[in-house]
Amino acid sequence: MIEVSNLRKTFKDVTAVENVSFIARDGEVTGLIGPNGAGKTTTLRILYTIMKPDSGVALIDGHDAALEPQEVQRRIGVLPDNRGLYPRLTAREHVRYFGRLHGLPPDELEAAIDELIATLSMEDVADRRAKGFSKGQTLKVALARALVHKPHNVMLDEPTNGLDVDSSRAVRDMVRRIRDEGRCVLFSSHIMSEVEALCDRIVVMGHGRVVAEGTPDQLAEMTGQADLEEIFVAIAREEAELRKKATFEALKEQLDA
Amino acid sequence: MLEKLGFGKIRIVAAKELRDNLRDRRSTILSMIYPLIGPVVLGALVLFVGATLSAPKVAEHVVVVQGAQQAPDFVAFVREQGADVVETDIEDVARAVRQGIHPAVLIFPENYAQAYAAEENVEIQLIIDSSRLSSIMSIGRTVELVNRFNREIAKTRLAVHGLGPDVASPMTLKSVNVAASLSISGIFLNMMAPFLIFNVFIGGVYLAIDTTAGERERGSLEPLLINPLPRWQLMLGKYIASLAFTALAVLAAVVAYKVIFTALGLLGVGLKVNPSVGDFVLIFLVTVPIQMLAVAVQMIVATVTKSFKETQTYLGLLPLLPSVPGMIMVFVPLQPTTLSMLVPTYGQTILIGQIVRGEGAPLSDLLLSGGATLAITIGLLFLAARFYNREQVAFAH
């Protein structure tokens, strides 16, 4: 389970994330959606221990990501924003490297690798060096190395970005499988159809804040729109209006003063 | 116990980096060829420059003259000494010398024979080009022959007047050469230390850049950092891999020096000293602390710089820095002091010089220099670990 409360993160004079709170439960797929620059990646980076928040708390299975990074790292499998491979290592060696860093015993590790190669249907590239891998092949390797230690919490940053239909489907199947095993999945996306098809709960982000949260049905009720794409556009428009208003008022205050 | 301290995971990281880099055939082969450049250049210098600068035997010396028919006595004297005299067929002797056709030309003027017969002093010219290093020995030989001829004739003329030969020559100068080598090539021995230290700073540098700045730029550092191990362990694993490659490169250089020195000895060229295998083992051990220091500096630079290219620029300049004291010492040998032992690379330059010249390095200096460099290295490693903990380390800017 992932519990986020009041996260705030700034870079120099830019506020990337402000007062972000939500919960991603076990046995559910939680979608983090929003336009580019909404703060999804920064939020995830705080959750997967690569960034420290200025304030607020991110708990993974009750462990604070900022204070006990190693405890958290043991419990998470992450497909980060950067998912580069080592051109001179084979797919299998990539997965083995991460598995060993997680301290898996050799027998268990090899079995886990074989299983992942089968479920992600990557037999054709398993023993090929990664140089020249397609986007889909690269993603499968990155996904396999993130999942080799069977983490209870899985975070995926834009997993299907730029993928062909087949690879996207492989990712979606994988996500459902993990959910059905009672594990917790949190993934970010700006593709509505994908979120609609996969998510039990949705957290909508805009300008570094959570602007709406709920099941797809709840969100539809809130905005009076049935189509998720419409919901998203409506929320984004509302958000933009609010922002404009706030800026206008701030300006007015300045002028008055 | 070691596993608990994190050595298991450090080993996993180091092993991965070594295997990864060994598969990069071109870089690996290049990194083993670079260390051979120093020994080969040194060998060539000793062989060619050393040979030209070594004195030719009197018997092989040829005095080139213009107007030899004016001075039959001189010609006879030179041939008696075992050298030869040749009349030049080139009119413009100045150009002939400048172009290196003759190392020097001795000109006997028109009035020489007359003045000689009248026992009067007469000026003869020796045309030389002082910018031609290779002519030095030949010029010296010719001057010596002229001086000897002068003394011979003076002796005969004084005898006619009933005077002893020592009247006109109150002093005899004899210089005694105590250099470790037979010829000027000994100066090249002093180049070995700066060359080796250059190797130390270049040997594993590619790996240090590739495993940090390179890994960041390829976007594989972010996922790697999410694995459950403290970042200092990750940094240390990469450090050990780079250090292993540095050590291998320096070892290749040291072995090549031994081979070249032995070959030069077999060819009978110039060097009086040939350091033993034990000396070379000691030289390698002296470089180990600087290897550790060099890789630590490289890790820091690769961590704080913004891109692979920027890192390459800085680390390309880095090897020049520690070579500076060594290069100065090639021409201006400095006396070792306790203080100089405390300075990384400077102390080692002195020590390597002492070992290779066969003077032996004092144990106290070896320990002092190694200890000081190691202490600084440990400090640098702590710094490198701190830089690795920074948030920015994962992201290309």
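The shown structure was predicted, so the numbers you read here are calculated from the model rather than taken from an experiment.

Enquirer: Sorry if this is basic, but what is going on with the domain arrangement of chain B here?
Expert: By a frequent convention, interface size equals the accessible area lost on bringing the separate parts together. Segmenting chain B into domains produces domain 1 (7-52 + 183-394) and domain 2 (55-168). A separation of 53 Å is found between the C-alpha centroids of domain 1 of chain B and domain 2 of chain B.

Enquirer: What is the right way to look at the sheet that holds strand β1 (residues 62-66) of chain B in this model?
Expert: The strands making up a sheet are joined through hydrogen bonds of the backbone, oriented either antiparallel or parallel. Residue and element names in this part refer to chain B. Taken in spatial order, the four strands of this open sheet run β2-β1-β3-β4, and their pairing is mixed. Pairing within the sheet leaves two strands with one partner each, and these edge strands are β2 (84-87) and β4 (125-128). In this sheet, adjacent strand axes meet at a mean angle of 35 degrees when their direction is disregarded. Here four bridges tie strand β3 (residues 104-107) to β4, and the two strands are oriented antiparallel to one another. Looking across to β4, one finds that L106 is bridged to L126. Helix α6 (residues 136-160) contacts β1, β3 and β4 of the sheet and is inclined by roughly 25 degrees relative to β3.

Enquirer: How do you make sense of the environment of T138 of chain A when you look at a structure like this?
Expert: Residues and elements named next belong to chain A. By the secondary structure assignment, T138 is in helix α5 (residues 135-147). Classification of T138 by C-beta neighbours within 10 Å gives buried; the count is 21. As for T138 and T10, which are separated by 128 residues in sequence, their C-alpha atoms are 31 Å apart. The residues contacting T138, other than those within four sequence positions of it, are R83, L85 and F133.

Enquirer: Honestly, the nonpolar core in this entry has me stumped. Any pointers?
Expert: Note on soluble globular proteins: their nonpolar side chains tend to be buried together. Within the largest apolar cluster, 142 residues are counted, with the highest numbers of intra-cluster contacts made by L143 and M155 of chain A together with M192 of chain B. Considering every element that reaches this core, the biggest residue donor is helix α11 (residues 231-267) of chain B, with 14 residues. Those residues in contact with M155 of chain A that sit more than four places away from it in its chain are L44, L47, Y48, I76, V78, L186 and F187 of chain A. Residues V63, V64, V105 and L145 of chain B belong to the second largest nonpolar core, which totals 15 residues.

Enquirer: Got a minute to help me understand the pairing of strand β6 (residues 76-79) of chain A in this structure?
Expert: Every other side chain in a regular strand lies on the same face of the sheet, so the side chains alternate between the two faces. Residue and element names in this part refer to chain A. Alternating residues of β6 divide into I76 and V78 and G77 and L79, and every residue in both groups is buried. Pairing analysis gives four bridges linking β6 to strand β7 (residues 153-157), with the strands arranged parallel. Opposite L79, over in β7, you have L156 as the bridge partner.

Enquirer: Is there a simple way to think about the sheet that holds strand β3 (residues 29-33) of chain A in this case?
Expert: Residues and elements named next belong to chain A. If you trace the six strands from one edge of the open sheet to the other, you get β6-β7-β8-β3-β9-β10, paired in mixed fashion. This sheet does not close on itself; its edge strands, each paired only once, are β6 and β10 (209-214). When strand polarity is set aside, the average angle formed by the axes of neighbouring strands in this sheet is 15 degrees. Bridge count between strand β9 (residues 201-206) and β10: five bridges; the pairing is antiparallel. Residue pairing in the sheet places V204 in a bridge with A212 of β10. Across the sheet, helix α1 (residues 40-47) touches β3, β7, β8 (184-189) and β9, and the angle it forms with β7 is around 150 degrees.

Enquirer: Before we go on, may I ask you to explain the confidence of the model for chain A in this structure?
Expert: Should the pLDDT be low somewhere, the predicted coordinates at that spot are not to be read in detail. For chain A, mean pLDDT is 89; residues scoring 70 or higher make up 98% of the total. Averaged over each element, pLDDT in chain A is lowest for helix α9 (residues 228-256) of chain A (75) and highest for helix α3 (residues 91-101) of chain A (97).

Enquirer: How should the confidence of the model for chain B be read in this particular structure?
Expert: Residues and elements named next belong to chain B. Scored by pLDDT, chain B comes out at a mean of 85, with 89% of its residues at no less than 70. Averaged pLDDT values over the elements of chain B bottom out at 71 in helix α7 (residues 186-189) and peak at 95 in helix α10 (residues 221-225). Across the assembled chains, the prediction reports ipTM 0.90 with pTM 0.81.

Enquirer: In this structure, what is going on with the packing of helix α12 (residues 277-304) of chain B against helix α17 (residues 363-388) of chain B? I would like to understand it.
Expert: For any two helices packed against each other, the geometry comes down to the angle between their axes and how far apart the axes lie. Residues and elements named next belong to chain B. Between α12 and α17, whose axes approach to 9 Å, the crossing angle comes to 20 degrees. Taken together, the axis directions place α12 and α17 in an arrangement best described as roughly parallel. Of the two elements, α12 crosses α17, and the hand of that crossing is left-handed. Within the contact between the two elements, α12 uses V286, P289, I290, M292, L293, A296, V297, M299, I300, T303 and V304 and α17 uses L366, G370, T373, L374, I376, T377, L380, L381, L383, A384, F387 and Y388. Counted by class, the contact of α12 with α17 contains 19 nonpolar, four polar and no charged residues.

Enquirer: What exactly am I supposed to notice about the interface of chain A and chain B here?
Expert: Between chain A and chain B, the residue contacts involve 24 residues of the former and 18 residues of the latter. Among the secondary structure elements, those contributing two or more residues to the side of chain A that touches chain B are α2 (69-75) and α3 of chain A. In terms of residue count, α3 of chain A provides more of the side of chain A that touches chain B than any other element does, four residues in total. Its residues placed into classes, the side of chain A that touches chain B shows twelve nonpolar, six polar and six charged.

Enquirer: Which parts of the structure should I look at to understand α5 of chain A?
Expert: Working note: α-helix, 3.6 residues per turn, so residues spaced by three or four point in the same direction. The end-to-end C-alpha distance of α5 of chain A is 18 Å, a good match for the 18 Å that 13 residues give at a rise of 1.5 Å each. Across the 13 residues that make up α5 of chain A, a large majority, eleven, are buried. Considering only its buried residues, α5 of chain A is in contact with β6, α3, α4 (106-119), β7 and α6 (165-180) of chain A together with α10 of chain B.

Enquirer: So what exactly am I meant to see when it comes to unusual backbone geometry here?
Expert: It is generally the case that most residues other than glycine have a negative phi and that most peptide bonds are trans. Residue and element names in this part refer to chain A. One non-glycine residue, T49, adopts positive backbone phi at about 75 degrees. Structurally, T49 is set in the loop between α1 and β4 (55-60). The exposure class assigned to T49 is buried, which follows from the 23 C-beta atoms found within 10 Å. For S121, which is not a glycine, the phi torsion comes out positive at approximately 35 degrees. Looking at where S121 falls in the secondary structure, it is placed in the loop between α4 and α5. Residue class for S121 comes out partly exposed when judged on the 13 C-beta atoms lying within 10 Å of it.

Enquirer: What am I meant to see in the environment of T28 of chain B here?
Expert: Residues and elements named next belong to chain B. Structurally, T28 can be placed in helix α2 (residues 25-53). Judged by the 16 C-beta atoms lying within 10 Å of it, T28 is partly exposed. Sequence-wise, T28 and V286 are 258 residues apart; in three dimensions their C-alpha atoms are separated by 24 Å. With sequence-adjacent residues up to four places away left out, T28 is seen in contact with N21 and L22.

Enquirer: Would you take a moment to explain the packing of helix α16 (residues 346-356) of chain B against α17 of chain B for this structure?
Expert: Residue and element names in this part refer to chain B. Where α16 contacts α17, the axes come no closer than 9 Å and their chain directions differ by 150 degrees. The angle between α16 and α17 places the two elements in the roughly antiparallel class. Read as a crossing pair, α16 and α17 show a hand that is left-handed. Only D365, L366 and S369 of α17 make contact with α16, whose side of the interface consists of G347, Q348 and L351. Here the residues of the contact of α16 with α17 sort into two nonpolar, three polar and one charged.

Thresholds, definitions, all that
- Residues numbered from 1 in each chain as written.
- Chains lettered and ligands numbered in written order.
- Predicted model: local features only at pLDDT ≥ 70, side-chain atom pairs only at ≥ 80, totals over all residues.
- Domains from an automatic or database assignment.
- Pairing = 2+ DSSP bridges.
- Helix = DSSP H or I, 4+ residues; strand = E, 2+ residues; numbered from the N terminus.
- Axes fitted to C-alpha atoms, helices over the stretch in contact; angles between N-to-C directions.
- Contact = placed C-beta atoms within 7 Å.
- Buried ≥ 20, exposed ≤ 12 C-beta atoms within 10 Å, placed from the backbone.
- Core = buried A, V, L, I, M, F, W, Y, C linked by C-beta atoms within 7 Å.
- pLDDT = per-residue confidence, 0-100.
- Parallel < 35°, antiparallel > 145°, perpendicular 65-115°, else oblique.
- Left-handed = near helix turned anticlockwise from the far one by under 90°.
- Nonpolar A, V, L, I, M, F, W, Y, C, P; charged D, E, K, R; others polar.
- Expected span 1.5 Å × (residues − 1).

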